[in-house]
Structures are given as structure tokens and as C-alpha cells.
Amino acid sequence: GAGVSQTPSNKVTEKGKYVELRCDPISGHTALYWYRQSLGQGPEFLIYFQGTGAADDSGLPNDRFFAVRPEGSVSTLKIQRTERGDSAVYLCASSSLPLTGSWNGYTFGSGTRLTVV
Amino acid sequence: AQSVTQLGSHVSVSEGALVLLRCNYSSSVPPYLFWYVQYPNQGLQLLLKYTSAATLVKGINGFEAEFKKSETSFHLTKPSAHMSDAAEYFCAVSLGYGNKLVFGAGTILRVKS
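Analysis parameters
- Residue numbering note: each chain is counted from 1, following its sequence as written.
- For this description, chains carry letters from A and ligands carry numbers from 1, given in the order in which they are written.
- Given that the model is predicted, a residue must reach a pLDDT of at least 70 before its local features are reported, and side-chain atom pairs must reach 80 or more before they are shown or counted; all residues, however, enter totals for whole chains, interfaces and linings.
- Side-chain figures throughout are based on the complete set of non-hydrogen atoms in the structure, without hydrogens or water.
- Only DSSP runs of H or I with at least four residues qualify as helices, and only runs of E with at least two residues qualify as strands; both kinds are numbered from the N terminus onward.
- A radius of gyration in this sense is built from C-alpha atoms; the matching globule rule multiplies 2.2 Å by the number of residues raised to 0.38.
- Whether a residue is buried, partly exposed or exposed follows from its accessible area with a 1.4 Å probe, protein chains only, as a fraction of its type maximum: under 20%, in between, or over 50%, in that order.
- Contacts: residue pairs with any heavy atoms within 4.5 Å of one another.
- Shrake-Rupley sampling with a 1.4 Å probe provides the accessible areas, and residues are treated as covered by the protein chains on show and by no other component.
- His residues and chain termini do not enter the charge count, which takes Lys and Arg as positive and Asp and Glu as negative.
- One atom stands in for each charge, and that atom is NZ of Lys, CZ of Arg, CG of Asp or CD of Glu.
- Buried area is calculated as the accessible area (1.4 Å probe) missing from two parts once they are joined, with the contributions of both summed.
- Salt bridge, as used here: a side-chain nitrogen of Lys or Arg that lies within 4 Å of a carboxyl oxygen of Asp or Glu.
- Two N or O atoms count as a polar contact when they lie within 3.5 Å, although within protein this holds only if one can serve as hydrogen donor and the other as acceptor, and sequence-adjacent residues are included solely when both atoms are side-chain atoms.
- For this classification, Asp, Glu, Lys and Arg are treated as charged, while Ala, Val, Leu, Ile, Met, Phe, Trp, Tyr, Cys and Pro are nonpolar and the rest, including Gly, are polar.

Chemist: When you look at the overall build of chain A in this model, what are you seeing that I'm missing?
Modeler: Along chain A, the regular secondary structure elements total 0 helices and 11 strands. Ordering the α and β elements of chain A from the N terminus gives β-β-β-β-β-β-β-β-β-β-β. For a compact globule of 117 residues, the expected C-alpha radius of gyration is about 13 Å, and chain A comes in at 14 Å, within 12% of that figure. With respect to the three principal axes, the spread of C-alpha positions in chain A is 50 × 25 × 20 Å. Buried positions account for 47% of the 117 residues belonging to chain A.

Written as C-alpha cells, this is what we have:
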């Protein structure tokens, strides 16, 4: 697609429930990143995919958080047993090396606002 | 590991005045540097980026930033503030493609009429 698409844009869930957040990167972008932005803070890195594999998952806060990218395009961030502290905006970004010219950096989606009640 | 410090969580300027948002970075190798703007309840929009070419980088909406290696700084400026510039601004650093982007805590810019 033309940009990074994230669905849903808003998600309200009850404490203890399981949620899935989806990211559809720019077509052809091999690198995909997940970030979490809590209220009043800057985005914090969660996980980075290069193709299908998680190249860096050092930002995942605990084992309730998991992400996949089975075909190297769409990614899903999965949160088990949600807690109120998981409430935040979850951002996805994608990136790719250009065939010519300089690197364009990262393109972010509009995010999914997760509210755990 | 790289990091970013944004001095001033809130900055207030009058309409028409100079905007200066400060950013200092820490990186063990030459970094890539970015400024993003975020309007309320919206996503991150790239203002400008430094990718080791010219040290003075011009971005959208009249903003520019200068990479100063000796000062490890990448301050964002705009000669004349508009009401529409009121937003939160994030400075971020990366080691390049295939590396994560590390954000500062952000600076909220208020523009007074």
C-alpha cells in the first residue's frame, strides 16, 4: 500500500483478555518495527523484524507480548492477559533500503490506541 | 547504545517568534537523526532527517535543523512560529537501516497569539 496501515485504530478490551493488533507495512519494505507510546511519553521500541524473523525483540516488556510476521509482510502484535498498564498507542513502522539514493528512514502508521478497562 | 535528550518538556513562544527545540544525542558511531511532529490524537509525521549528507537539513513547514558533531546536537528551529505549529515534537536517533529508532521524551510546543 501507499503507507503503513494499522488496524484497528481503537481497541477497548477488558483486563485479562487477549488482543491482536495488525500492521500492514509499505509494500516491499523488509524491515518492520513495533513501538509503544504511553500517555505523555515518547515511543518505546518493542520489536524489529527483518523479513519473517524477529531480529531484535529486546523491547518486549514480558512474555505476555509476542509478535509474528509469517510471510514477511503483515505483522501481528499479540498481547495475552492484558493489564491496565498495557493501555497505550501501539505504533508500527516500516523501512527499506533504496535501490539508489539515500535511505529514507522510517514510515510510521497512525497507530492503534489500546485501552484496557 | 544510543540515546536522545530533549531539553525542555514544554516550550512556549509567541506567534511570529523564533522556535528553538533542543536535542542532544549520544551515539558510539555516526548517527542518523530525525525530528517528528505529533498533533493531538494523530500519528508521527516526519519533519526532517539527517543521514550524513549536508549538516543543515531543511524540512517541511519551514523547519530546519543543524547537525553539530562537536556538540552532539541536532536542534530544531523555525524563524517564525505559527499557531498551527502547536504540537509535540520528538527527536530520535538511529544507527541506520536495520536498527531501531530511539526517541527522546518529546517537547510540547505552545504558540501564543
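Chemist: Any chance you could explain the overall build of chain B here in plain terms?
Modeler: The number of helices and strands found in chain B is 0 helices and 11 strands. Reading the helices (α) and strands (β) of chain B from amino to carboxyl end gives β-β-β-β-β-β-β-β-β-β-β. Relative to the globule expectation of 13 Å for 113 residues, the C-alpha radius of gyration of chain B, 13 Å, shows essentially globular dimensions. Classification of the 113 residues of chain B by burial places 45% in the buried group. Here the analysis covers contacts within chain B between residues at least 6 apart in sequence; of these, 56% occur between residues at least 24 apart. Accessible area for chain B stands at about 5300 Å²; split by element, carbon and sulfur atoms hold 52% of it. Mean positive and mean negative side-chain charge positions of chain B (9 and 6 charges, respectively) differ by 4 Å.

Chemist: Before we go on, may I ask you to explain the interface of chain B and chain A in this structure?
Modeler: Accessible area lost on assembly of the parts is the figure often given for the size of an interface. Contacts between the two partners involve 20 residues from chain B, matched on the other side by 27 residues from chain A. For the pair chain B and chain A, the summed buried surface comes to about 1700 Å²; carbon and sulfur atoms form 58% of the total. Counting across the interface, chain B meets chain A through 0 salt bridges. There are 9 residue pairs in polar contact (both at pLDDT 80 or more) connecting chain B and chain A. Tallying contributions element by element places strand 4 (residues 32-38) of chain B first for the side of chain B that touches chain A, with 4 residues. A per-class count over the side of chain B that touches chain A returns 9 nonpolar, 9 polar and 2 charged.

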